[in-house]
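Topology and contacts: notes
Below are the chains, spelled out letter by letter.
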2 protein chains.
Amino acid sequence: MPKATPQTRIQKKNTDAILEAALEVFSANGFRGATVDMIANEAGLSKPNLLYYFASKEAIHAAVLERLLGTWLDPLRALEPAGDPLLEIVGYMHRKLDLARDYPRESRLFANEIVQGAPRILTILQTDLKDLVDEKAKVIAAWSAAGRITPVDPYHLIFSIWSMTQHYADFDVQVHAILGGDHDPYPDARRYLETLFTRMLRP
Amino acid sequence: MPKATPQTRIQKKNTDAILEAALEVFSANGFRGATVDMIANEAGLSKPNLLYYFASKEAIHAAVLERLLGTWLDPLRALEPAGDPLLEIVGYMHRKLDLARDYPRESRLFANEIVQGAPRILTILQTDLKDLVDEKAKVIAAWSAAGRITPVDPYHLIFSIWSMTQHYADFDVQVHAILGGDHDPYPDARRYLETLFTRMLRP
DNA sequence: GCGCATTTTGACCACTTGGTAAAACCTACG
DNA sequence: CGTAGGTTTTACCAAGTGGTCAAAATGCGC
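Residues numbered from 1 in each chain as written. Chains lettered and ligands numbered in written order. Predicted model: local features only at pLDDT ≥ 70, side-chain atom pairs only at ≥ 80, totals over all residues. Heavy atoms only, no water.

**With respect to the interface of chain B and chain A**
Each partner contributes residues to the interface: chain B has 52 residues there, and chain A has 51 residues. Approximately 4700 Å² of surface area, both sides summed, lies buried where chain B meets chain A, with 67% of it carried by carbon and sulfur atoms. For the chain B face of the interface with chain A, the top three residues by lost area are Val115, Ile178 and Tyr192 of chain B, together amounting to 16%. Counting the contacts that link chain B with chain A gives 0 salt bridges. Across the contact surface, chain B and chain A share 18 residue pairs in polar contact (both at pLDDT 80 or more). Looking at the side of chain B that touches chain A, the elements with two or more residues in it are helix 1 (9–33), helix 6 (104–115), helix 7 (122–145), helix 8 (154–170), helix 9 (172–179) and helix 10 (186–201) of chain B. (Contact = heavy atoms within 4.5 Å. Buried area = accessible area lost by both parts, 1.4 Å probe. Salt bridge = Lys/Arg side-chain N within 4 Å of Asp/Glu carboxyl O. Polar contact = N/O pair within 3.5 Å; in protein donor to acceptor, adjacent residues only side chain to side chain. Helix = DSSP H or I, 4+ residues; strand = E, 2+ residues; numbered from the N terminus.)

**Focus on the protein's contact with DNA strand C**
Residues in contact with DNA strand C amount to 19 residues; listed here are only the nearest, Lys47 of chain A together with Thr8, Gln11, Arg32 and Tyr53 of chain B. The protein-proximal atoms of DNA strand C, defined as those within 4 Å of the protein, are 58% sugar or phosphate. A distance of 2.8 Å separates a phosphate oxygen of DNA strand C from a polar side-chain atom of Arg32 of chain B. For the surface near DNA strand C, the secondary-structure elements that each account for two or more residues are helix 3 (47–53) of chain A together with helix 1 and helix 3 (47–53) of chain B. Residues of the surface near DNA strand C, tallied by class, amount to 8 nonpolar, 7 polar and 4 charged. (Near = heavy atom within 4 Å. Nonpolar A, V, L, I, M, F, W, Y, C, P; charged D, E, K, R; others polar.)

**Focus on the environment of Gly44 of chain B**
Here Gly44 of chain B lies in the loop between helix 2 (36–43) and helix 3. Given the relative accessible area of 62%, Gly44 of chain B is considered exposed. (Buried < 20%, exposed > 50% of the residue type's maximum accessible area, 1.4 Å probe, protein only.)

**Digging into the packing of aromatic side chains**
Overall, the coordinates contain 12 aromatic pairs over all chains when judged by the stated rule. Ring geometry for Trp72 of chain A and Phe110 of chain A: centres 5.6 Å apart, planes at 25 degrees, overall stacked. Within this pair, whereas Trp72 of chain A is found in helix 4 (residues 57–77), its partner Phe110 of chain A is found in helix 6 (residues 104–115), the two being separated by 38 residues in sequence. Assigned by exposure class, Trp72 of chain A and Phe110 of chain A land together as buried. Aromatic side chains Tyr168 of chain A and Tyr186 of chain A sit 6.0 Å apart centroid to centroid with 55 degrees between the ring planes, which places their arrangement in the tilted category. Of this pair, Tyr168 of chain A sits in helix 8 (residues 154–170) while Tyr186 of chain A sits in helix 10 (residues 186–201); the two residues are 18 residues apart in sequence, bridging distant segments of the chain. Here Tyr168 of chain A and Tyr186 of chain A have matching classes, each one buried. One aromatic cluster in this structure is built from Phe159 and Trp162 of chain A together with Tyr168 and Tyr186 of chain B. Note that Lys57 of chain A overlies the ring of Phe31 of chain A, its terminal NZ or CZ placed 4.6 Å from the centroid. (Phe/Tyr/Trp six-rings, centres within 6.5 Å; stacked < 30°, edge-to-face > 60°. Lys NZ or Arg CZ within 6 Å of the ring centre and 35° of its normal.)

**Let's talk about the relation of the copies chain B and chain A**
Mapping one chain copy onto the other needs a rotation about an axis and a shift along that axis. With an RMSD of 0.0 Å, chain B superimposes on chain A once it is rotated by 180 degrees and translated 0.0 Å along the axis. The two molecules are tied by a two-fold rotation axis, judged by turn and shift. (Least-squares fit on C-alpha atoms with pLDDT ≥ 70 in both.)

**A word on the protein's contact with DNA strand D**
Near DNA strand D you find 19 residues, and of these Thr8, Gln11, Arg32 and Tyr53 of chain A together with Lys57 of chain B are the closest. Residue Asn14 of chain A places a side-chain N or O atom 3.0 Å away from a phosphate oxygen belonging to DNA strand D. Within the side chain of Lys47 of chain B, a nitrogen or oxygen atom sits 2.9 Å from a base nitrogen of DNA strand D. Residues that form the surface near DNA strand D fall into these classes: 8 nonpolar, 7 polar and 4 charged.

**Digging into the pattern of salt bridges**
Note on pairing: side chains with opposite charge can pair once their charged atoms come close. One pass over the full model with this rule turns up 24 salt bridges over all chains. A salt bridge links Arg105 of chain A to Glu20 of chain A; its shortest N-O distance comes to 2.9 Å. Of this pair, Arg105 of chain A sits in helix 6 while Glu20 of chain A sits in helix 1 (residues 9–33), placing them 85 residues apart in sequence. The class for Arg105 of chain A is partly exposed, based on a relative accessible area of 22%. Under the relative-accessibility criterion, Glu20 of chain A is labelled partly exposed at 37%. Of the charged contacts, one joins Arg191 of chain B and Asp188 of chain B as a salt bridge, the two residues approaching to 2.7 Å between their closest N and O atoms. With Arg191 of chain B and Asp188 of chain B both in helix 10 and 3 residues apart, the pair spans about one turn of that helix.

**Side note on helix 6 of chain A**
Spacing of three or four residues puts side chains on the same side of an α-helix, whose turn is 3.6 residues. All names here are of chain A. Between its first and last C-alpha atoms helix 6 spans 16 Å; for 12 residues at 1.5 Å apiece the expected length is 16 Å, and the two agree. Inspection of helix 6 places Glu106, Ser107, Arg108, Leu109, Phe110, Ala111, Asn112, Glu113, Ile114 and Val115 among the buried residues, and these make up the whole buried set. Phi turns positive one or two residues past the end of helix 6, at Gly117, with a value near 95 degrees. (Expected span 1.5 Å × (residues − 1).)

Keep in mind these numbers describe shape, not what the thing actually does.
What follows is the structure, encoded as structure tokens:
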């Protein structure tokens, strides 16, 4: 396997192609449903060539997840205690909905992983994610207690933002099966969710 | 393969055991992640013996899905046009939340299938499910138009009920990673969702 | 307990899959 | 050039997988 830090042009190009291909294949098929051959093919490499860059299928998966985790948590990090409560929460919902629209594969990758018990990222959920959520839940609880929004359970508020926004990425085929294939659900979803959170939270 | 209709005692016992085992294994691993051996083992049979009752892995999967579909759609079917709008919608949410709590494996089975593009049930989504949703969306739209609830997009209202309730089954490990493993989230979830829908929909 | 249909098993097969070894091939740089 | 380091390919396992088959074992009505 090539050295980690000093990347040649070719290494950079190929690892990028592999990670992009792996995202495509893992998100569409899950970890077990994906094969190294599929990923290699999608990346335009032979299987042994791919395994020259990553030691194993597990290693590719781990690399893809690691690269994504930051992006995935950023919208929640940006929730500002100093801001206007309702605008902050609705803004967070908007950012998550945009993420679902613009990065559906990333959303499905996490969905696949978590639905099957998160065997490879459970630790991260219990540490990094939990810490972040605990911190922001305190902020929301303070807004509740101060009467600036309706009193609500902050954890379940966050769960509801996650579930409703990610639904449009993860269950995309079902949404399109019901609305019709050519219909873009996001504008309507945005309006609906704005109404929902505004009416629920306005004190 | 044994005859379809005239089931002997042994056939009944074994097919039941297989379907139960298949639900367990498919919901935890997805279609491709599950192996016929796993299912046979879980059912207490040998692999060839299992394949004496079902022609193939696909056939087992199809049988499990078919058996579940009815149960899964019943809560929406029970939405009564003649009832009180808010009570009907909150009632539907309750039934879905109970389903998530009492039948998490069934929920995860569908989640696995749909996240990966629903290759085996797309047709059903586009026909049976769509027809049912269209019908109930009309009911909700009529309530909206009559001013009996806040004007909302009925389709996205239904999506939000699905996503928030199923979240507690499908993303169970994540919920527990954040709330702590021994915490039962359902009572709080119920209260939160009641507040949410009541405040959003009350005219 | 007999005879027949049902059920179960053990051995097996073809194919896929993750991964390896070593040789062949580039390619930057002196 | 030429050669050293990086890259790619060819050929190949060993394990796992879905599925088959004929023979053995079991149930069951009489």
